[in-house]
Number of protein chains: 2
Amino acid sequence: MNVQLAADLAGLVGDDALVEAPEDLAAYDQAARYEGGRAALVVRPRTPASVAAIVAWCVGHQVDLAVQGANTGLVGASTADASGRQVLLSLERLQSPLEVDPVNRSVRAGAGVRLSAVNAVLETHRLFLPIDLGADPTVGGMAATNTGGARFIRYGDMRRQVLGLEMVLADAAGTIVQLRRGLRKDNTGLDLRQVVIGAGAALGVITAVEFEVHPRPAQTAAALVLLEDLEAALPLLSHMEREGGELLSAFEGMSRAALSAALAHGPGLRSPFSGPLPPYAVLVELSTTRSLKPGDASLTNHLEEVLADWLETDDGGGAIDILTGAPEPLWAIRHAISEGLRAKGPVIGFDLAFRRSDLAAFRRTAVTRLAVAFPEFEICDFGHIGDGGVHFNLVCDPEAPPTADRLSQLREAVYEIACLQFGGSFSGEHGLGRANLAQYRALTPAPVRGLAARVQEAFAHRALGAVDFAALG
Amino acid sequence: MNVQLAADLAGLVGDDALVEAPEDLAAYDQAARYEGGRAALVVRPRTPASVAAIVAWCVGHQVDLAVQGANTGLVGASTADASGRQVLLSLERLQSPLEVDPVNRSVRAGAGVRLSAVNAVLETHRLFLPIDLGADPTVGGMAATNTGGARFIRYGDMRRQVLGLEMVLADAAGTIVQLRRGLRKDNTGLDLRQVVIGAGAALGVITAVEFEVHPRPAQTAAALVLLEDLEAALPLLSHMEREGGELLSAFEGMSRAALSAALAHGPGLRSPFSGPLPPYAVLVELSTTRSLKPGDASLTNHLEEVLADWLETDDGGGAIDILTGAPEPLWAIRHAISEGLRAKGPVIGFDLAFRRSDLAAFRRTAVTRLAVAFPEFEICDFGHIGDGGVHFNLVCDPEAPPTADRLSQLREAVYEIACLQFGGSFSGEHGLGRANLAQYRALTPAPVRGLAARVQEAFAHRALGAVDFAALG
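Below: a short report on this structure. (Residues numbered from 1 in each chain as written. Chains lettered and ligands numbered in written order. Predicted model: local features only at pLDDT ≥ 70, side-chain atom pairs only at ≥ 80, totals over all residues. Heavy atoms only, no water.)

Digging into the packing of aromatic side chains
Part 1 of the argument: Across all of its chains, the model carries 14 aromatic pairs over all chains by this definition.
Part 2 of the argument: Here the aromatic rings of A:Phe128 and A:Tyr155 are separated by 5.7 Å at their centres, their planes lie at 90°, and the arrangement is edge-to-face. Here the residue A:Phe128 occupies a position in strand S7 (residues 127-128), and A:Tyr155 occupies one in helix H6 (residues 152-155), the gap between them amounting to 27 residues. Each member of the pair, A:Phe128 as well as A:Tyr155, is classed as buried.
Part 3 of the argument: Geometrically, the ring pair formed by B:Phe350 and B:Tyr415 is edge-to-face, given 5.3 Å between the ring centres and 75° between the ring planes. A residue pair is termed long-range when its members are at least 10 positions apart, and B:Phe350 in the loop between strand S16 (347-348) and strand S17 (351-353) and B:Tyr415 in helix H15 (residues 404-421) qualify at 65 residues. The two residues B:Phe350 and B:Tyr415 agree in class, both being buried.
Part 4 of the argument: Here the aromatic cluster, defined as three or more aromatic residues joined through ring pairs, consists of A:Phe354, A:Phe362, A:Phe392 and A:Phe422.
Part 5 of the argument: Directly above the aromatic system of A:Trp331 lies the positively charged group of A:Arg151, at a separation of 4.4 Å from the ring centroid. (Phe/Tyr/Trp six-rings, centres within 6.5 Å; stacked < 30°, edge-to-face > 60°. Helix = DSSP H or I, 4+ residues; strand = E, 2+ residues; numbered from the N terminus. Buried < 20%, exposed > 50% of the residue type's maximum accessible area, 1.4 Å probe, protein only. Lys NZ or Arg CZ within 6 Å of the ring centre and 35° of its normal.)

As for the interface of chain A and chain B
Part 1 of the argument: Contacts between the two partners involve 85 residues from chain A, matched on the other side by 85 residues from chain B.
Part 2 of the argument: A buried area of about 7200 Å², summed over both sides, lies between chain A and chain B, and 54% of it is on carbon and sulfur atoms.
Part 3 of the argument: Per-residue buried area on chain A facing chain B is highest for A:Lys185, A:Asn187 and A:Arg242; these three make up 13% of the total on that side.
Part 4 of the argument: Our enumeration of links across chain A and chain B arrives at 16 salt bridges. (Contact = heavy atoms within 4.5 Å. Buried area = accessible area lost by both parts, 1.4 Å probe. Salt bridge = Lys/Arg side-chain N within 4 Å of Asp/Glu carboxyl O.)

What about the relation of the copies chain A and chain B?
Part 1 of the argument: Expressed as a screw transformation, the operator carrying chain A onto chain B has a rotation angle of 180° and an axial translation of 0.0 Å, and the superposed copies differ by an RMSD of 0.0 Å. Taken together, the rotation and translation relating the two chain copies correspond to the operation of a two-fold axis.
Part 2 of the argument: Here 100% of the contact residues of chain A are again contact residues in chain B; the copies associate through an equivalent surface. (Least-squares fit on C-alpha atoms with pLDDT ≥ 70 in both.)

Examining unusual backbone geometry
Negative phi characterises most residues that are not glycine, and trans characterises most peptide bonds.
Residues and elements named next belong to chain A.
Part 1 of the argument: Going from Ser96 to Pro97, the amide bond is cis rather than trans, its omega being 0°.
Part 2 of the argument: If you trace the backbone, Pro97 turns up in the loop between strand S4 (87-90) and strand S5 (98-101).
Part 3 of the argument: Notably, Gln62 is not glycine yet its phi reads approximately 50°, a positive angle.
Part 4 of the argument: Position of Gln62 among the secondary structure elements: in the loop between helix H3 (48-60) and strand S3 (65-68).
Part 5 of the argument: Although it is not a glycine, Asn71 adopts a positive phi angle of roughly 55°.
Part 6 of the argument: In this fold, Asn71 is placed in the loop between S3 and S4.
Part 7 of the argument: What makes Asn71 buried here is its relative accessible area of 11%.

Some details on helix H11 (residues 299-311) of chain B
All names here are of chain B.
Part 1 of the argument: If you check H11, its first and last C-alpha atoms are 18 Å apart, about what 13 residues at 1.5 Å a residue would give, namely 18 Å.
Part 2 of the argument: The complete set of buried residues in H11 reads Leu299, His302, Leu303, Val306, Leu307 and Trp310. Viewed end-on, H11 has its buried residues packed into an arc of 130°, placing them on one side of the element.
Part 3 of the argument: Taken together, the buried residues of H11 touch strand S12 (219-227), helix H9 (233-244), strand S14 (280-288) and strand S15 (319-325). (Expected span 1.5 Å × (residues − 1). Arc of directions from axis to C-beta.)

Observations concerning the sheet that holds strand S6 (residues 106-110) of chain B
All names here are of chain B.
Part 1 of the argument: In space, the five strands of this open sheet follow the order S5-S6-S10-S8-S9, with antiparallel pairing throughout. The sheet is open, and its two borders are formed by strand S5 (98-101) and strand S9 (176-179), each paired with just one other strand. Ignoring which end each strand starts from, the neighbouring axes of this sheet average 10° apart.
Part 2 of the argument: Inspection of the sheet shows strand S8 (residues 162-168) paired to S9 by four bridges, in the antiparallel sense. Pairing of Leu165 across the sheet is with Leu179, part of S9.
Part 3 of the argument: Together, S8, S9 and strand S10 (205-212) form the strand contacts of helix H3 (residues 48-60), whose direction differs from that of S8 by roughly 50°. (Pairing = 2+ DSSP bridges. Axes fitted to C-alpha atoms, helices over the stretch in contact; angles between N-to-C directions.)

Okay, here's the thing in structure tokens:
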């Protein structure tokens, strides 16, 4: 712990904003699913003005600042690095405002307000923020990461919701700027908010977010469609987008290995399968905000009809079976996959995304090539395939963990197939951090990296957070 | 005409790319609804490489370049200025590629391809680009302007569709960059595409656009809801968003004066009103991609039920009557408004946008204040009020046109009420151009203008198009 640093920051924002004790630092240093880091100290301001004071001080004193919301990030952007020299700016105390405008269907919230807190407040208005995730991030973190999730196909990502950002620039003054405000239509010059969304902390610190919210569904229906392979899922997707129409709210793919891991390890999960697990399954969901009226057919009936229509088309041949039922138990399987994989053994995760038209060919190619070159890893892929997203995760035998070299060969092979051969993304929805900077450098064309470097310099005198685009330009 | 300039540009991209004859220049110089300008010459390259050569030459020779798509813009950004010295770069010949990927539901098109051409190609796939406009712009212009339109409430703006941009930077080399490609999820560093969308040509020249397209509706139903005032429309909007649910595809407001002008001047329009015109009316539309199946109730029945439910709520009291019918005649009235107003007299247009919760108060305030201070102008407002958009247009007596001073007082008064008092946008969907630069300067906070200036400098050695953010910073 740097005593002078602590004294200086305490002088700026007060003693009680600092966390210094090693035992208290752990929660800020440990990361959700990567190695984490070690902060010199943690500072937790309560107001945008305090954030501005801290940022300006760090810019002036050339002190590195890591920025953290709920510390739920997965790519090495939520914690300090391993140097022990960075100040970690936690935004968890930026809890106000939390204002709901039901007529505008919008909320303005401090960056530290959690998704669950937003949705709790919105419940009485029968509204919600429809970003559906395993974690419970802050709204500031969601904007900085451009969080996606399992209902993207209906509602899009966080970018689509954001109607305004308040942020602190990393300049000598810690200037506070407001980028757009609460309007759905506003084309009055450069929409700078848009390049801040998904930029992590590289362009500054988001202190408040205004975002659109949506009527909560009143009816939901789901089915598990068992398929011969992922390829059969794509005509089903087109059918559901047309005949399920506007009600389609999820289209999640799961490989046999992912299903198996979920069912083996998910606490209290009941298998819906009477026979052997299918090679591939899709969780299809319809939902509507319309309340069920007397005389209306149930949404489950409607989903069954739409799926029955598909079975009668030429494309329906890839189907093995269709299981309809209450949505919750089906979602429970989907949500148990990540834990199930970790229970099986060390997980090597890839957050890939493709054009939907490349999903099947990528999977075929990757499965074939990895089976030969990396037989010790089991492919347990799943994902938001309606949006082209694939969590292409592999599990290895916990008794025979791979060497670092072997792991890096595997990573290289997967990115080569996914990004170079199929034009996919190396980070569909998890963003950029220390964990995937090497891919940024290797896979982003030099003129685009140069442009990013210059844009960062336009915003910031000094890079904040885990990624310095200027250094990568 | 500058002979040397013409010779230089012809040397770069060939004689046949130039338009020099005064009679041919008119179509490029005349604007849709503003004064237009006068180009030194027009150059119409066929390839991104030729665009790059022209841009690099102009940057190197410090020649001003105006950039034009279909010349349908409304704010003084589509034509050269009045100096007669600017080169006008028309992108109308950038007609390739025009590639459809039906599984990905996406299209990649040259910047010069028109909306109508995209939709003609998509018809066989039962897909469409759902930006609904009176004009027929190019896709490059739509991305540069971030076009909105009448189905925003369902599909959003052009930003929401864009999956990738190819652009030429205004640097010494005319560097061609590709900003994202065809993926719905891709969070791999700064999303630079997002700040280019809606930036006009200030950051460079868009040469190709990749965008999401959507299944075409198979059923549509519409109704005209006659109301005591705009205030009564807002509870109806909330009701429709919940109980009309995912099928709501338009919610367009029309004042009595706008309706009257449309009906008086629209060729062949039949009035649906049996009595006097209502003070305010809303065109509500539901649509679905689901085809009508035997035994299904018609969508019109469904809409009638949803509206009947609303009449029974406490909020239904503001309704005078509900007219359901075929959508086309109702849309014909809506689409006849602009022409109708122009037929009445000189139009002073305002493309405003508000939080939906401010719409009624703004209208009340503006109508009251303008009636006193500017009685010679008739307010004929209409707009996409489901998104907060208001075309707050005024018409004056053609026999007694206002002085320039009077007009500028009127503009100032409207912007003062709309933007300062109610936090509205001075350009909801028409973008930024010479026509509203004064508002940009007056209404955008200095730190945000400074940021925009620096971001432009990060992209461009020299400003292109009608807006130089660096000069406005």
